[in-house]
Amino acid sequence: MSKRGRFITLEGGEGVGKSTNVGFVAEWLEAQGLEVVRTREPGGTVRGEAIRALLLDPAPQETLHVDAELLLMFAARAQHLAEKILPALARGAWVVCDRFTDATFAYQGGGRGIAKQRIAVLEDFVQKGLSPDLTLLLDMPKEAASQRLESRLSDRQEQRDRFEQEQGDFFQAVREAYLARAAEAPDRFAVIDAQQSLNAVQAQIEQALLARVTAWH
């Protein structure tokens, strides 16, 4: 029987560099000879990506109710777990995921104001006790993150999605919720100062990975 794989998530608000560093983490683990499955939330499966498109669509003609948003997040997650994450972990692969349930507590909890207890009920129902082994929280002040987001959108000539259109108070609440989650689970979280240069950020990530991988083996 193969040894269960490990589950690593990257979290943080808009513009902190998660997507770039998901690639860095996956490549670092592969260099250690590990099988790595790279994925993202919401999404990760065909149906999950369809839900992602619905969630990110700015669609000004219709407002998505906060409860509908929350339930769609967990619907995509249930499919993601069943189809991709759990089978990968069971065969011994390491899963690296761009956001997971901490994002729901931060965005739908902190940003939208949904009670943590309500989110926790869905977390228990869908995940059945599964939690990441390591969460890398890329953190920076909302003003700096906003500037990076503007630069990225300009470079790629992209429009803001439904979450990126939110105002500063929303993102401050998201950041505070993330930091509160990290404070509640310091053994699982590694908080990364994402305001530094990319090389410095990745040096912090590598240090966190080295500490965990050594302990796990």
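Attention here is on the structure that accompanies the text. A quick note: this is a predicted structure, and the numbers were derived from the prediction, not measured. The residue count restarts for each chain, going from 1 along the sequence in the order it is written. Local features in this predicted model are restricted to residues of pLDDT 70 or higher, and side-chain atom pairs are both shown and tallied only at a pLDDT of 80 or more, whereas totals for entire chains, interfaces and linings draw on every residue. To obtain the side-chain values, all non-hydrogen atoms of the structure were included, while hydrogens and water were left out.

Further remarks concern helix α5 (residues 116-127). In this model, α5 (12 residues) spans 16 Å end to end at C-alpha, consistent with the 16 Å of a helix rising 1.5 Å per residue. Partly exposed describes any residue whose relative accessible area lies between the buried limit of under 20% and the exposed limit of over 50%, with all areas from a 1.4 Å probe on protein chains only and scaled to the type maximum. Going along the chain from the N terminus, every DSSP run of H or I of four or more residues is numbered as a helix, and every run of E of two or more is numbered as a strand. Residues of α5 that are buried include every one of Ile119, Leu122, Glu123, Val126 and Gln127, and no others. Burial along α5 is one-sided: seen end-on, the buried residues are contained in an arc of 105°. Exposed residues lying more than 90 degrees from the buried face of α5 are Gln117, Val121, Asp124 and Phe125. After α5 finishes, the residue Lys128 shows a positive phi value of roughly 50°. Between the first and last residue of a helix there are one fewer steps than residues, each counted as 1.5 Å, and that sum is the expected span. In this context, the arc is that of the directions from the helix axis out to the C-beta atoms.

Next up on the list: the nonpolar core. Ranked by size, the top nonpolar core spans 27 residues in total, and within it Ile8, Val25, Leu29, Leu136 and Ile205 carry the most contacts. Secondary-structure elements contributing two or more residues to this core are β1 (7-11), α1 (18-31), β3 (94-98), β4 (134-139), β5 (189-193) and α8 (198-216). It only takes one pair of heavy atoms within 4.5 Å for two residues to be counted as in contact. With residues near it in sequence (within four places) discarded, Leu136 still touches Ile8, Thr9, Leu10, Glu11, Val25, Ala190, Ile192, Ile205 and Ala208. The term nonpolar core refers to a set of buried residues drawn from Ala, Val, Leu, Ile, Met, Phe, Trp, Tyr and Cys, joined through side-chain atoms within 4.5 Å. The next biggest cluster of nonpolar side chains, apart from the first, holds 18 residues, and it includes Phe100, Phe105, Ile114 and Val126.

With that settled, the discussion passes to the sheet that holds β3. Read from one edge of the open sheet, 5 strands run β2-β3-β1-β4-β5, paired in parallel fashion. The open sheet is flanked by β2 (36-40) and β5, the only strands paired with a single partner. Taken over all neighbouring pairs, the strand axes of this sheet differ in orientation by 20° on average, direction set aside. Should DSSP find at least two bridges between two strands, the strands are taken to pair. Bridge count between β4 and β5: 5 bridges; the pairing is parallel. Note on β5: the bridge partner recorded for Thr135 is Phe189. Sheet strands touched by α1: β1, β2, β3 and β4. Its angle to β3, the strand with the most contacts, is close to 170°. Every axis in this analysis is a line fitted to C-alpha atoms, fitted for helices over the stretch in contact. Angles between the N-to-C directions lie between 0 and 180 degrees.

What follows covers the packing of helix α4 (residues 101-111) against α5. The contact between α4 and α5 brings their axes to 10 Å, and the two run at 155°. Considering the angle they form, α4 stands roughly antiparallel to α5. As for the relative orientation of α4 and α5, their crossing is right-handed in sense. On the side of α4, the interface is formed by Thr101, Thr104, Phe105, Gln108 and Gly109, while α5 contributes Lys116, Ile119, Ala120, Glu123 and Gln127. When residues are sorted by character, Ala, Val, Leu, Ile, Met, Phe, Trp, Tyr, Cys and Pro go into the nonpolar class, Asp, Glu, Lys and Arg into the charged class, and all the rest, Gly among them, into the polar class. By residue class, the composition of the contact of α4 with α5 is 3 nonpolar, 5 polar and 2 charged. Note on angle classes: values under 35 degrees are labelled roughly parallel, values over 145 roughly antiparallel, values of 65 to 115 roughly perpendicular, and the remainder oblique. Crossing handedness follows the turn of the near helix against the far one: under a right angle anticlockwise gives a left-handed crossing, and clockwise gives a right-handed one.

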